Structure formats: C-alpha cells, structure tokens
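Close look at the chain arrangement
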Amino acid sequence: MTDTNAHEYGLFRIGNEPTKSIWMDNGRSFEHYLVRSKDEIEYKRKIRLLKVRMLDGAVKTISVDESQPVSQLMMTVCNKIGISNYEEYSLVRDDILMQNGRDGGGGGSTWNLKNQENRARSSDRGGGVYGTMRRKDEAKMEELRKKLHTDEELPWLDHQKTLREQAISEEETLVLRRKYFFSDSNVDSRDPVQLNLLYVQCRDGILRGLHPVEKEKALELGALQSHIQYGDFPHDKPKFHLDGRDVLPKEYAKNKDNEKKVVAMYKELSGTSELDAKSKYVHLCRGLKTYGVTFFVVKEKLPGKNKLVPRLLGVNKESVMRVDEKTKEILKEWPLEQVRRWVPSPKCFTLDFGDYQDGYYSVQTTDGEKIAQLIQGYVDIILKKKRTQDHQGIEGDEGSTMLEDMVAPAKATLVAHGQIGNGQHAQDGLVAVRGVLRTPQGGQGYGINGAQYGAVSGEITSQELARAQRLRYQDMYQHPQRALIGTIEATIRTVEQAEEELEAEPQIDIPRFNDDLSANRWMEEQKAVNKENVNERLAAMGAATAQVVQWTAVEEYDDRVGSAIATIGSNLPDVSRNVRDLGAFMEREERGDLVQATKLLCGAFGDFLTAVNPEQNERRNKVFTAAGRVGEFSQQVINSMDPPSQHQQQFDDYLVQRAKHVATSTAQLVLCAKTISADCEEPQVQERVIQSATKCAFATSQLVACARVVAPTIDNNACQQQLTTAATEVSQSVNNLLHDAEHAVYQQSSLTDIHEAARQVTSALDSLLEHAKCSPKTMTTRREEEEMYNEVLRRTNRMVVHQGPSEDLTREARKVVRHSQLLTEQFQHEAHQRPEHRDRLLDAAAKVAHATSEMILATEQAESQPRHVETEYALRTAAENLGKVTNETTKEQQEQHIMQRLEQAAKQTAYDATQTISAANSTKKKQQEHKRTETTEQLLVDDSHTILRIR
C-alpha cells in the first residue's frame, strides 16, 4: 500500500448493527473505544461517494470523508458546489421525503411528511403538560398540518452524527436545501448557484401555499416563473396556453382571467435574462411577511382557560413568533436576543425570556427537539457573524467567526461610581449648558456659515473666569486623528455636493454643425469622453476605497488613510458632472437609470465614510459591508452606461466567486487550526495559534471586501495592485499560521490536514489573481504568436552580434530554430481559424519555414566545423535572413500590438493626469479655506484683546 494516501484510511470498529459501527480517531487509545480481545476492527478507506440532488433535479456525486460528522461534510459539499456560507445549508433524506410525500396524499407533495406511527404512540400515551391528547384532536392536528403545508417534518440529517450512524448508504441520494435563511439577502445574479437553489425553494413555497401572497404579486411571480421555465414568450405561437396550476397558488389557479393576466405579463418580460428573472422572483418573495420563517404546528393554552388551541410557532433569523394558524398574522414576536434559554421535551417546548418577560411560554408539541435545533442553529450563525474584540469574520457579510458566546439579555452598565453625601439632594436645572460646544454623537459634522466644527473633536467649557484665565480645550483625539476626522467630514460634504450636481442642468457648449453627420460624430465623441472619465474616476475611487479598507485594519493611525479618502472626495463630484453631461445625450429611461445608480453610489460612499470615521467606532464587518456596496453600485453605474456582454458578466461573476472560494478555503484552514489549538497543552503556544488563525481569517475578510470593491474596474492597474496587496497579506498570514501550528501540533495527521488546507488557500489565491489579469476590457493581452516572433527576433539579433565561442553560437541557433518552427505552426493554425486571411498567413508560414530550413543547414555545418570562420559567417547570415523574414511577415501584427500598448499607455497617462488635476483642484480649495481660517483666527484674537481692554 505504498502507493496509497494513508490519510484516506483509518480504523473502523464493526458493531452489532450498521449504525453502531464507528470510525476510530487516530488520537485516541483502544481503551477509549472499549476495544476488547477478539473484537473485530477493519482498516479501510474513509473516502466514499455521496450523491447530492439539487432542487432543480441535478444530481452531483462528491467524494467525502465518511468518518466526519455531517457538520464538517457540509463544508466539503458546499465547497464543491460553489457555496461559501455552508452553515446555512443541510441535507434531507430523499427516499424518506419522496415516500412520505406519496403516503401523505396531497398529490405527491413533499411537504406533507408524516411519521404516523410516532404520532399514534404519542396520542395513546397519557401524561404531559396539559393532559392527554385524544385521537380525535390528534387527527385534527394532522389535517391542519396538511392544510398549512409546514416544512417542520423535513427529514433533516443530524449534523452531530456521521452518515453511517444515520444509516445513509452509498446508493442513497440526499437533497441539498437551505435550512437557515440568514445571509440569503446577499444572494443575487452574481452568485448563480445559490440564486438557483433559493429560487426553486421559494417557487415551491409559493405554489404549495406556504406563503400567503396577494393576487397582483402572485400574478407577477407566475409571469417570472413562466419566463424562467420557457424562455422568451413564443410570439410565433398565437394560441399559446399557460396552465395556471403550474405557476400560480391554488387559490388563484382556477381563474382563467388570472391565466390571461400572467400571459400578458409574461410577454413584457421578453429580453430579460434568466438570472435577472430569478433574482427578481426571489426579491419579491423576500417582501412576503412569512419569508424565511420555519413554522411548527403547536398547541397553546388560552389565558384563563384550561383549553388548548392550535397555533403556529415560527422561527427566523431575527425572532421567535406566535402566528395565527388561519391568516398567518403575527400575534407576538420575541427577538432572539431576548431568548435566554429553551427547554425541549418529548411533548412540549418551553421558552425563557429572562428579565424581558414574566413567566415562561410553553406549547404542546412533539417537535420540541426540532424547534430547539433550529433556534440553536440561528444563534450559532449569529455568534459566528458577531464581531468580537479579538477576531473578525471570514468576510464582511458572509463570513464566520470561530468564537462562541451566549446570547443573553443586555444589562445596564455602570459607567461611573460615586457617593452621595449627607445633605446632598437632586437639583432642577437645564441639561444644555450655556457655552459648551459638543461634537455630535453618531451623526455627521456640522457647521455654521461654512465654518467646520466637525473637524475638532473635544469640548470647550466656558464659566466665569478670572481676568487672566484662558479657556481650556480638552482634546479627545491625537492630532493626526483630528485631521482624519476633518478630512472624512469634508468628504461627506463633498458627497452631498455630488448629489446636488446630479440635479443641476448640464453645462455643454454645443457648436453649430453644417450637417447631421458631423453633429452625430461630435455627440458620440462627447459620450465616449464622458464614459472614459467616469470609468477612470470610478477606478481611482475603487482603489482608494480598497486602500482605506486595508489601512484602517490596524489600531495605529496611518496617515495614508486621509490621502485615500481625499481621493474619493476629489473624484466624486467630477463623476456626477460627467454623468449629468452624459445623460444629456442618452434616452430618458437610460438617463434615469444612470442618474439613479449614481445617487445610490453617492449614498454608498457616504455610508462607507461614516463607517470608517473613528468617532463612530463601527465594527469591521460594517466597514466591509459598506465597501461591498460601493463596489456593487459602481458596477451598476458602469452597466447603466454600457450594458455588459455575456463574457464580461461571466468574468465579473467568476471574480467574486473565486474570492468567496478563498474565504471558504480559509474557513477550513482556521477550523484545522482550532483543532490543533484544542489539543495543545501549552497555553502560550495555544494562544499564538489562535491569534495567527484570527489574523488569517481577518486578512481573508479584507481580501473579499477589496475584491468586491475593485471588481467593476479590475482592468485598472491600481485596482489590480490593491487586490494583489490584499492577497499577499492573506498568504503571509497563512505562512505565519503554519509556522505557529508546527510548534503546537502533537499528531502528524493534524499537521497534514492543516498543510493540505493551506495548499487549498494558496491555490484559491492563485486562481483569483490569475483570473483578475484576464479582464475582457484589457486590450494588451499578449498572444502566443506575439511571444513567438519576439523570441525569434531577440535571439537572431543576439546571434548577429555574438562574439563568443562557436559552441554558444550553435546552441543559440538551435533555440532560434525551435522558436521559428513554433511560429510556423502558429501561422498555419491561425490560417484555419481566420479564413479571410488564409492566403497571407500561409504565405508567411512558407517564408518562415524556408528561412528556417536554411538556418538548420547553416547550424549543421557550423557544428561539423567548429571555430571555422566561413561556417560561423554563414550561420550569422542565415540568422539575419530569418530575422528579416520574421520581421516582414509579422509587420501587421507588430503594428497592431504596438498600437494596443500605446493605447493602454495613453489611458494610463490620462488616468494619472486626471488624478493630478483632481488633487490640484482639491489643494486649491483647501488653501482658500486655510486663508479664510487664518483670517477668522486673527479676528478672534483681535476681538479677545478688545474685550480684555474693555474689562
């Protein structure tokens, strides 16, 4: 077995029943598993194939380690499929689901999943919190469950057990479903895998009546579903018929008028892409009051009466709620933060709200354990998303932390201690103290008549002072931080000015033209110039935003942050002016979309600047989220100017997907580090591993945020540089984590796991950076042909001027021959790919081949007669001739490549010039403000001297 991977094998203890058989951990002894003499233990492969069926019917076969519990398998399964937030998904047993759907009636509905035998036993037994349930009442409850179509009894797998412990065979197929609706609001067309899963799940819920829907919204959803299923409306089929039962809830499906309205809406969707239609369908479903809520049919006691009535108990990411079983109206809601503990039992479920409510809330149900697992799952996800002082998430809105805590009611915090002496009493008075200037808390800076007060953080206290006494200024921030706060508040005011620029009238001097052709040419030039200006400034602001995200990661102040924020402030008003002028040449609808996207972008920059303000002390996750919105609305502005091609759209989607893949790989690495730290017995070494893992996760969060910001303008060099810098930090943090883990590891298997996880992170980083260099907008992509003829030209020139030994000359000649032969093959291949240039390319291939054959003969003669002057001269002559032929046959390609590089250099020069002009304009304004400030300060000094003389 020397050719096998020992990591994929392990010891397997065979029990009396298949579910009792377990995999033995390498780090534990036989005594731990109570292994006795003559017990049977098998050494076998842990890797098995798992069949996973998607909700759209596609089946994927994935290799998994069956010795791991389902909670760890979900990371592998979701990673293979392309899902980063694996903790929100789970697996359902497909065979039991389908069987129960058939047995439960309802037309094969997969939502009516009954365990009749279990409920029959429950109804036969006496006891319980509220007394004995009669068979008649239980039958009514079953009918209510059928009517309400709750998904409470989907056969979810237990995440704490392995597949073998749950009797999952290799032939069985499991269904992947979203169990926790937490970060689903971030799913859009940029994540087609999760979008498709969410769409199918929402569609099934609408059609089966899980969510009550108003008629107009149901018709709109039906039209979107028809467009997704059948594509554009078939206008060539005048008698096209749509069955309402396939696209509408049953309460609207039987009405023929509703079917006609759906068809009319379906026609209007022609031209809409499938991803956009799915995104809109999911967006409409998110607006439903029952979206994302998992319902359980329970019985609760009426107040003041000894009677049990049916009720729906709902759980979502924010709260636990009581819901009317008929109208699904929310009767009462408790935020999860107020739930102190929950106690499930075989026949009831109890919630304790601590200080938020007197008494407990108890319901009668046999699904108490499922409710508890659902609440616990949401709480775990919340805690993973929660920012703590010593750890950050994998990414801003989809990451996860590795620390655990308890969600409990918030208590009052004692801010200051003091004693009230005898005779001291409370006195009435005004809260506002005259003569005190306070900095606004949680808001923006403000000013009077243009004077800026937000830049000064502190307090000026004025009381009755002696004549020679001065006012005291209590400073809360160091000087660099005060300057940063001033820059941020000035930039926020610039954002407001940019929004005002959008509403102003365009200022365009239109010259007079003699004909329409000249006028149209001038309009196209103006549109191209404005588009280019917007793209350049968006790239500059995107790179600056990524810089702010990275430079604000440390507690120490970095003076470069102010420069990056100033870059945003100097470019945003120009973007608004260019958009305003560009809109004057566009259609009304297109202009409205562009202006609206720009307004959203201004708002996103305002939110981002507020998030990075030191006075706000916001969590890093909020900074990452705000940065991501900047990238999202930047992309929307670009798409409003020029709709992206399918190739460009795929490139943008794959870029974000690769960034998320880095986050998923890092999560696996941090999990391995957590295992190593748990086994380490030295506290100092353990702490180093935890800190290194924290920094690694933090750097990945930063990378994903930067990727989202620079993705719309990744073809710009500055944006690519920021992405590379963020990726370098991740790579360095991974190396530091491996170094610390090697000193803490006690088991070789753990070290192997973490090294494998680190390789996965490195591979994901390489894939991300390589993809970022392949932007369709980049015009200077170096083709193989260009590389070939450049190599031939360089080496032939080197041979012509060669003055060394003849052996070096012939060795160089062999390399020239090899590259020229490859160039010939490239010409021939391109001739078949481009029939319109076939004759020219084949003629070029023939000329290069003839010169190459002469080169080969001269090389053979030089090798047979070394150090012979005539043969060396003949070889140089052949090399010179080959270089001349190559230069002539590739003249057109060389000119094209030179022009492409020149164009790219011109764009970069224009970009640098634009930023220089913006910086200069910003400096001019600051100089003017500085002069006004000096004048004001001098007036204040003069006034103070006058007052003193008057006294």
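Details of the structure are given in the entry above.
The following paragraphs examine the structure supplied in this document. (Residues numbered from 1 in each chain as written. Predicted model: local features only at pLDDT ≥ 70, side-chain atom pairs only at ≥ 80, totals over all residues. Heavy atoms only, no water.)

Here the focus is unusual backbone geometry. Phi at A167 is positive, roughly 60 degrees, even though this residue is not glycine. With respect to the helices, strands and loops of the structure, A167 is situated in the loop between helix 4 (135-148) and strand 7 (173-178). Positive phi is not limited to glycine here, since K328 has a value of about 55 degrees. Here K328 lies in the loop between strand 10 (319-323) and strand 11 (330-335). (Helix = DSSP H or I, 4+ residues; strand = E, 2+ residues; numbered from the N terminus.)

Moving on: the nonpolar core. In this structure, F608, L669, L703 and I754 are the most contacted members of the largest nonpolar core, which totals 88 residues. Looking at this core, the element that brings in the most residues is helix 18 (residues 683-710), giving 12 residues. Not counting the four nearest positions on each side in its chain, I754 is found in contact with L669, C672, A673, I676, L737, L738 and A741. Counting 59 residues, the second-largest nonpolar core is a separate cluster that includes V187, L219, A223 and A277. (Core = buried A, V, L, I, M, F, W, Y, C linked by side-chain atoms within 4.5 Å. Buried < 20%, exposed > 50% of the residue type's maximum accessible area, 1.4 Å probe, protein only. Contact = heavy atoms within 4.5 Å.)

The next point concerns the pattern of salt bridges. Counted by the stated rule, this structure contains 30 salt bridges. With a shortest N-O distance of 3.1 Å, D574 and R537 are connected by a salt bridge. One end of the pair, D574, is in helix 14 (residues 560-583); the other, R537, is in helix 13 (residues 516-551), and 37 residues separate them in sequence. Judged by relative accessible area, which is 10%, R537 ranks as buried. The structure contains a network of salt bridges with shared partners spanning E501, R537, D574, R577, R580 and D581. (Salt bridge = Lys/Arg side-chain N within 4 Å of Asp/Glu carboxyl O.)

The next subject is a negative patch on the surface. Judged by side-chain charge, D25, D679, E681 and E682 come together as a negatively charged surface patch. Among the secondary structure elements, E681 is positioned in the loop between helix 17 (646-679) and helix 18. (Patch = residues over 30% accessible without salt bridge, like charges linked within 9 Å, V, L, I, M, F, W, Y side chains within 5 Å. Areas by Shrake-Rupley, 256 points an atom, 1.4 Å probe, with all protein chains shown as cover. Lys, Arg positive; Asp, Glu negative; His and termini not counted. Charge placed at Lys NZ, Arg CZ, Asp CG, Glu CD.)

If you walk through the whole model with that rule in mind, you get 8 aromatic pairs. On the basis of an interplanar angle of 40 degrees and a centroid distance of 4.9 Å, the ring pair of W334 and Y361 is categorised as tilted. Here the residue W334 occupies a position in strand 11, and Y361 occupies one in strand 14 (residues 360-364), the gap between them amounting to 27 residues. Three or more aromatic residues joined by ring pairs form one cluster here, namely W334, F353 and Y361. Its guanidinium or amino end placed over the ring of F181, R178 lies 6.0 Å from that ring's centre, counting from NZ or CZ. Positioned above the aromatic ring of F182 is the side chain of K317, whose terminal nitrogen or guanidinium carbon lies 5.9 Å from the ring centre. (Phe/Tyr/Trp six-rings, centres within 6.5 Å; stacked < 30°, edge-to-face > 60°. Lys NZ or Arg CZ within 6 Å of the ring centre and 35° of its normal.)

Everything listed here is a matter of coordinates, which is why it stays silent on function.
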